[in-house]
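Working through the structure, step by step
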Amino acid sequence: MALIEVVLGDIADEVVDAIVTAANESLLGGGGVDWAVHSAAGPRLAQAGGAIAPCLPGDAKVTPAFDLDPPVKYVIHTVGPVWDGGAYGEADTLASCYRRCLQVADELGVRGIAFPAIATGVYGFPSALAARIAVATIKSAQTDVALIRLVAFDQTAYDLLVEATQRDDLPA
Ligand code: APR
């Protein structure tokens, strides 16, 4: 069972093997957390991402971390669902993001991974529901990753993630 941590900060500062970015299908970078990760990793990240694009919603693809400092070796790009009211499989797609990132991490032998709150910014996914989906998916995942860090960028997101880790009625 992985250790699940919730922290408040900039994911680009995380000291783990793999950092997850909330990307779009082009993997060329964008705003939000994608901007922070691409800014830290340098222009080669977009070149490498573009070469393996598209990444479909719910999927995850890996590139090197380039200019991100060691021990960060990988950037795992995942594309969350655009929130459209909740009746179009958005929850399942978001759960798939976390599951696929952990599958990719396991294929790489990653021991520590940091996730942002995928889809809760530009893509508009409600933060409280997203936090519960993230924690439920991570807790139910069969993974060899030892440390899973959920990185909140603001206090509200942090509080929601902490609350989700303390619930025992998470969605299956
Ligand atoms: N570190 C950690 N979390 C961050 C950071 C950061 N440096 N910057 C933003 N966040 C948080 C936001 O506060 C939000 O809670 O990441 C979460 C996800 O927000 P977005 O980055 O907007 O990602 P998403 O909602 O999945 O939208 C993806 O936005 O940036 C573009 O290219 C991206 O088209 C894609 C879309």
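Relevant structure appears above.
This section reports on the structure supplied with the text. A quick note: this is a predicted structure, and the numbers were derived from the prediction, not measured.

**Here's the deal with the pattern of salt bridges**
- Following the criterion strictly, the structure yields five salt bridges and no others.
- Residues Glu 14 and Arg 149 are paired through a salt bridge, measuring 2.6 Å at the closest nitrogen-oxygen approach. On the criterion of sequence distance, the pair formed by Glu 14 in the loop between strand S1 (3–8) and strand S2 (18–23) and Arg 149 in strand S6 (residues 147–152) is long-range, its members being 135 residues apart. Both residues of the pair, Glu 14 and Arg 149, belong to the buried class.
- Arg 167 is the partner of Glu 163 in a salt bridge, and the nearest nitrogen-oxygen pair spans 3.3 Å.
- You can call Glu 163 partly exposed: its relative accessible area is 38%.

**Examining helix H5 (residues 155–166)**
- Over its 12 residues, H5 extends 17 Å from the first C-alpha to the last, a length consistent with the 16 Å expected when each residue adds 1.5 Å.
- If you check which residues of H5 are buried, you get Ala 157, Leu 160, Leu 161 and Ala 164. One face of H5 carries all of its buried residues, which in axial projection span an arc of 100 degrees.
- Buried residues along H5 sit in contact with S1, helix H4 (127–140) and S6.

**Concerning the sheet that holds strand S5 (residues 112–115)**
- Spatial ordering of the open sheet is given by S1-S6-S5-S2-S4-S3, a layout of six strands whose pairing is mixed. What marks the edges here is a single partner per strand, and that holds for S1 and strand S3 (60–64). The average angle at which neighbouring strand axes cross in this sheet is 25 degrees, direction not considered.
- Where S2 meets strand S4 (residues 74–79), six bridges bridge the pair, whose relative direction is parallel. Across the sheet, residue Ile 19 finds its bridge partner in S4, namely Val 75.
- In the packing of H5 onto the sheet, the strands contacted are S1 and S6, and the crossing angle to S1 comes to about 160 degrees.

**Quick notes on the site of the ligand**
- Every one of the 19 residues lining the ligand counts as a neighbour, but Gly 31, Val 33, Thr 120, Gly 121 and Val 122 are closest to it.
- Within the contact set of the ligand, an oxygen atom lies 2.9 Å away from a side-chain nitrogen or oxygen of Asn 24.
- Relative to its unbound accessible area of 700 Å², the ligand is 90% covered by the protein chains.
- Counting residues per element, the ones that place at least two in the shell around the ligand are S2 and helix H1 (32–41).
- No other element matches H1, which puts four residues into the shell around the ligand.
- Its residues placed into classes, the shell around the ligand shows 10 nonpolar, seven polar and two charged.

Scoring rules and cut-offs
Residues numbered from 1 in each chain as written. Predicted model: local features only at pLDDT ≥ 70, side-chain atom pairs only at ≥ 80, totals over all residues. Heavy atoms only, no water. Salt bridge = Lys/Arg side-chain N within 4 Å of Asp/Glu carboxyl O. Helix = DSSP H or I, 4+ residues; strand = E, 2+ residues; numbered from the N terminus. Buried < 20%, exposed > 50% of the residue type's maximum accessible area, 1.4 Å probe, protein only. Expected span 1.5 Å × (residues − 1). Arc of directions from axis to C-beta. Contact = heavy atoms within 4.5 Å. Pairing = 2+ DSSP bridges. Axes fitted to C-alpha atoms, helices over the stretch in contact; angles between N-to-C directions. Near = heavy atom within 4 Å. Polar contact = N/O pair within 3.5 Å; in protein donor to acceptor, adjacent residues only side chain to side chain. Areas by Shrake-Rupley, 256 points an atom, 1.4 Å probe, with all protein chains shown as cover. Nonpolar A, V, L, I, M, F, W, Y, C, P; charged D, E, K, R; others polar.

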